[in-house]
Every structure is written in structure tokens, then in C-alpha cells.
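Summary of structural features
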Amino acid sequence: MKFMGFVAIVLVTSSLQAQEAVSPAMRETIDKITKMRETLKVSADRSGACETPQSPSCTFEGYCGKLAGKAQDFYLYQDSDGRKVPNMAMIGNLSFAEHCAKGTFPQTAVQDPFVYANQFMDEKAAGGKEQLQRNKERLKKETARTLKVVEDARSHVVKSLEAQKTSANAKQIDNMIARVKAIKYREAKTDGQYMDLVADGCESPNAYYSSETNTITVCPQMMNLPEASLFATLAHEFGHGIDPCAMEMDFGKEGAKLPDFMSLVVKPNQPTVNPAVRMAQNPFKNVISCLQSPQSIEVSIPTKDALLREINEFEDGLKAEVGGEVDEETGEAKATDATDARFEDSRQNIEKNYERYKYCSEITGTGHIQEAFSDWISAQALTSKISGIQDSAKAREFAFASQTMFYGMACENVQQAVDSRMDQFVEACPQLEEIRAYMEDMKHSDGHSSHPDANRRINRIYYAKPEIQKALGCESGHNDAQECKP
């Protein structure tokens, strides 16, 4: 996703004036970019479905290795329905190389509005008024398709929940089902400027759930992906409506009745439709515990003491940084009483809310358990869907294609192959090296990122399901992940 965040910036900033005089080195770079763009056009125009990759180990890394051979192409994969998975590493890197060429390439290498979403809104980017209208018609058609997949994913999530119902948990499961059924579809903002779409969370292929409004939004960049990828993503978003954080909140018709420490937009007066289900009564508390174990994905939840220590260390660091400095106007120390009060409020917030809301990113700074649980719900729905596909080849394609958004964005093998090819531009465009360093730093962040690593999510949740392994044709013994069960 982060690559397309960079591309969003390039799409806005690349509308530079006609190129200025360039150095011989830049001229050579421009020639190389031109050749690469022509290669990408050819690869994008190839017709015919790609065969579903097969990896005996059925691991994320194994499939990435199979796809690395297509790292020089614009698309990594195309299913039997002609739905394509873009090569986001190549697209992002090339966009920056083009940007370095100072406006030499006003048009994208490939006219695909599902990759460059400004082509749904900007006449010049689309290539003219008529093409813009055609793009809008395509978006309308694919939105209708997406709505069908939304309801299909919802029905399989509900079916999976129904399968877990017992006399002891019927009330809680019915509460969860009601929450899933109440989630509404919200259209992304594609009728304004491109930056409006970016501000709406759609700088990349993305779908997201908002507990505040109890809605799911699907970005247009998702809409030409294989149906299975859409299905798994949407099932994941429905999972957020019943994740360990959401279940600790009362819901009204408009959405969650958020605790005031989470948001300024609180709706305390709306009647409760779905009351909170505390963890002690949560029918999936064993799953939530299992996901934290080394046998599964091993998501970690910071302890209360660790969070308090982090606040204290940050406060001490800030005071040390400004220690002794005096405000020239007031004569007071820069570390004011107001600053002290803010840190104390943070500590009180942790003390007061940790036990109930420790599964919420707003408390811990990490949403890993929410994401892992939503993946688990998605895997249950995916298993339900695959069980109804009688043709083994189609079942294998659906199982593989369900994760192709991640394969298009997070394959280390593909990234390395792209980086190797882009080395030729680094001298003329040193920003590319800076981007690589930034992305590497992001991978090795302090654990407060909102999502676990893609390889662990897929290997240890989706591919931990025996039914998915069977559909993929996995050889036994390669996946040591424990399947979490209620």
C-alpha cells in the first residue's frame, strides 16, 4: 500500500511545466525510462489468463518466488476472468523515476484507471473527455460487481458465525450476526478531485471499515482485482465490525458509541441496538487468545506497564530536550504545567481504560489483534465459499487469488527484482534510494504499525486452514501454524 501512497504524490506533483534543459545523464535516464515504459505497455496488453501458480509448500514466500519472474511486467497475475493484479513495486518505482525526469512523461505508461484512479476524475489524465466518460462507465459497472461481492462476503461471514452457534453462546452470536448485517456500503469519493479520493483513504488499493459510521468503503483501485481478492478483503472488513475492540462497544443504528477518549465525534445519545459483549462472554475469546500464541501468528498486546513506561520515557526525553530553556515572552520554562497535565491525562487514560480496551489500537498504538482476528473471520468465510466450488481447478484459483492484493504489494522477491532493475536510475534519481531506505525502515519499525506483516498473516492464518491447504494442493508438513478454533 505504501508504494501507491508515493504514487499518489507523484500523480499530483508530476503536472510540471515542460521539461527544462536536461543534463546528458538525465537524457540517458529519460531514454531508459522510455524503453521501460514501452516494455510495460507490451506486457500490459498481453491477453490470455495466467495459470494459477503452484508452490508445494503453499507459503507466501513460495508463491512470491513464482511471481518474481513477472517482476518486470506491469501486471503480476491475471485470473481466468481477465481480472488483473498490478505490480505495485514496479509502478511505484517507475512513477518516481518519471517524476525525476521533470515532466517528460505527462501520461502514464498504461492507461488503467484501476491503477491510476485520477483517470476516473481528470479529463487530461484520462486522455480526453470521451475516454473519461468511458472510464466512469467502467467504474459504474465494477461498482455494481463489487456490491454483489459485498453481499456474497457478508452472507458467508454470517454463515460462518451461524456454524459456531450453541445454546450457550446463541445470544452473543446473534449479536455479532446483527452487527454484520447492519454494516452499510459507502461509496468512495470519485466525483471530485483526485486529492479528495486520496483524503478519503484511497491513495492505494484499499477497503476499510469505520466503526464510527458502521460502514465499509471500497476504493476504486480494488475493483478490477480478482473476485476472490475482493471477497477475502471484504470478509476481513466485516470482521472488523465484530473484532475484539468493536465488541467492547455499544452500537446504535448510526455506528459505534465510541468512548470519548477515542474520538471527538461521539454519539452518546443514540439508542443502543447492539450492546457490548465483554471479553468474558465473547464466543471467540479462545481464538483471540490463540492468535497471541507462538503456535499461531503471535500478535503481541503491549502491557499496561509497558505503555505507562513509554509515556514516562517520552515525557522525560521531552523535558531533557527543552530543559533549562526559557520562553522569552513569559519567562517560564518551556516544559509547562500544561505539558505535564497532558502527560498525566495520558497516564490516567491508560489506567482507566486499559483492561476493557486493550484490544483497541487507540489504547495500545497497535491494531495487530484486530487485524489478525479479522483475517481469521475472513479465512472462515473463504473456507465456506471454497467448499461450494466443485471444480478443483477453480477452487485452487479462488484460494490463491484471495490473497493476490498482498502478492501485488508485499512480495519481497518481486521487490528485490524490481529494485535490481531500477538500479540504473538511482544515479540520476537519488530519491529512489531514499525511498528504498524509508521502506526498509518501515518494515523494521517498533511494532506499532497497524497491520502484521503480510507473510505472517497469510501463512499463519489463511494457510493454516486445512481446507484452504487442500484447495491449493499443498503438500503436508510445510505449515507448522496452528489453526485457531473457538
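Residues numbered from 1 in each chain as written. Predicted model: local features only at pLDDT ≥ 70, side-chain atom pairs only at ≥ 80, totals over all residues. Heavy atoms only, no water.

**Here's the deal with the overall build of the chain**
For the chain, the count of helices and strands is 20 helices and five strands. Evaluated residue by residue, the chain yields a buried proportion of 51% over its 486 residues. Of the contacts made within the chain by residues no fewer than 6 positions apart, 72% connect residues no fewer than 24 positions apart. As presented, the chain carries roughly 22900 Å² of accessible surface, and 49% of it is formed by carbon and sulfur atoms. (Helix = DSSP H or I, 4+ residues; strand = E, 2+ residues; numbered from the N terminus. Buried < 20%, exposed > 50% of the residue type's maximum accessible area, 1.4 Å probe, protein only. Contact = heavy atoms within 4.5 Å. Areas by Shrake-Rupley, 256 points an atom, 1.4 Å probe, with all protein chains shown as cover.)

**Topic: the state of the cysteines**
When the sulfur atoms of two cysteines share a covalent bond, that bond is a disulfide. This structure, assessed with the given rule, holds six disulfides. Covalently, Cys 202 is tied to Cys 219 through a disulfide, its sulfur atoms 2.0 Å apart. Disulfide Cys 202-Cys 219: torsion about the S-S bond near -80°, hence left-handed. Taken as a pair, Cys 202 in the loop between α8 (194–199) and β4 (207–210) and Cys 219 in the loop between β5 (215–218) and α9 (227–240) lie far apart in primary sequence, 17 residues in all. (Disulfide = S-S within 2.5 Å.)

**Let's talk about helix α17 (residues 412–426)**
Here α17 contains 15 residues, and its C-alpha end-to-end distance of 19 Å stays within 8% of the 21 Å for a straight helix at 1.5 Å per residue. If you look at α17, its biggest bend is around 35°, right at Ser 420. Buried within α17 are the following residues: Val 414, Gln 415, Val 418, Asp 419, Met 422, Phe 425 and Val 426. (Expected span 1.5 Å × (residues − 1). Bend = angle between axes of the 7 residues up to and from the residue.)

**Focus on the sheet that holds β4**
One open sheet holds the three strands; their spatial order is β3-β5-β4, and the pairing between them is mixed. Only two strands of the sheet have a single neighbouring strand rather than two, namely β3 (184–187) and β4. For this sheet the average axis-to-axis angle between neighbouring strands, irrespective of direction, equals 30°. Bridging between β3 and β5 involves four bridges; their strand directions are parallel. Bridge pairing links Arg 186 to Thr 217 in β5. (Pairing = 2+ DSSP bridges. Axes fitted to C-alpha atoms, helices over the stretch in contact; angles between N-to-C directions.)

**Remarks on unusual backbone geometry**
With phi around 55°, Asn 214 is a residue other than glycine that occupies positive phi space. Its place among the elements puts Asn 214 in the loop between β4 and β5.

**Overview of the nonpolar core**
With 131 residues, the main nonpolar core has Phe 74, Leu 161, Met 249, Leu 291, Phe 373, Tyr 407 and Leu 432 as its most contacted residues. If you tally residues by element for this core, the top one is helix α14 (residues 368–387), at nine residues. In this structure, Leu 291 is in contact with Ser 296, Ile 297, Glu 298, Val 299, Ile 369, Ala 372, Phe 373, Ile 461 and Cys 484, ignoring residues within four places of it in sequence. (Core = buried A, V, L, I, M, F, W, Y, C linked by side-chain atoms within 4.5 Å.)

**A short note on the pairing of strand β1 (residues 75–78)**
Examined bridge by bridge, β1 and strand β2 (residues 84–86) share three bridges and lie antiparallel to one another. Paired with Tyr 77 across the two strands is Val 85, which belongs to β2. Hairpin connection, β1 to β2: the antiparallel pair is bridged by five residues, and Gly 82 has positive phi, about 85°.

**Quick look at the side chain of Thr 217**
With respect to the element layout, Thr 217 can be found in strand β5. Overall, the relative accessible area of 0% leaves Thr 217 in the buried class. In this structure the side chain of Thr 217 is engaged in a polar contact, spanning 2.9 Å, whose partner is the side chain of Arg 186. (Polar contact = N/O pair within 3.5 Å; in protein donor to acceptor, adjacent residues only side chain to side chain.)

**Section: the environment of Ala 372**
Examined against the element boundaries, Ala 372 turns out to sit in helix α14. Here Ala 372 falls in the buried class, since its relative accessible area comes to 0%. The spatial distance from the C-alpha of Ala 372 to the C-alpha of Leu 291 is 7.0 Å, given a sequence separation of 81 residues. Not counting residues within four places of it along the chain, the set of residues in contact with Ala 372 comprises Leu 291, Ile 297, Val 299 and Ile 461.

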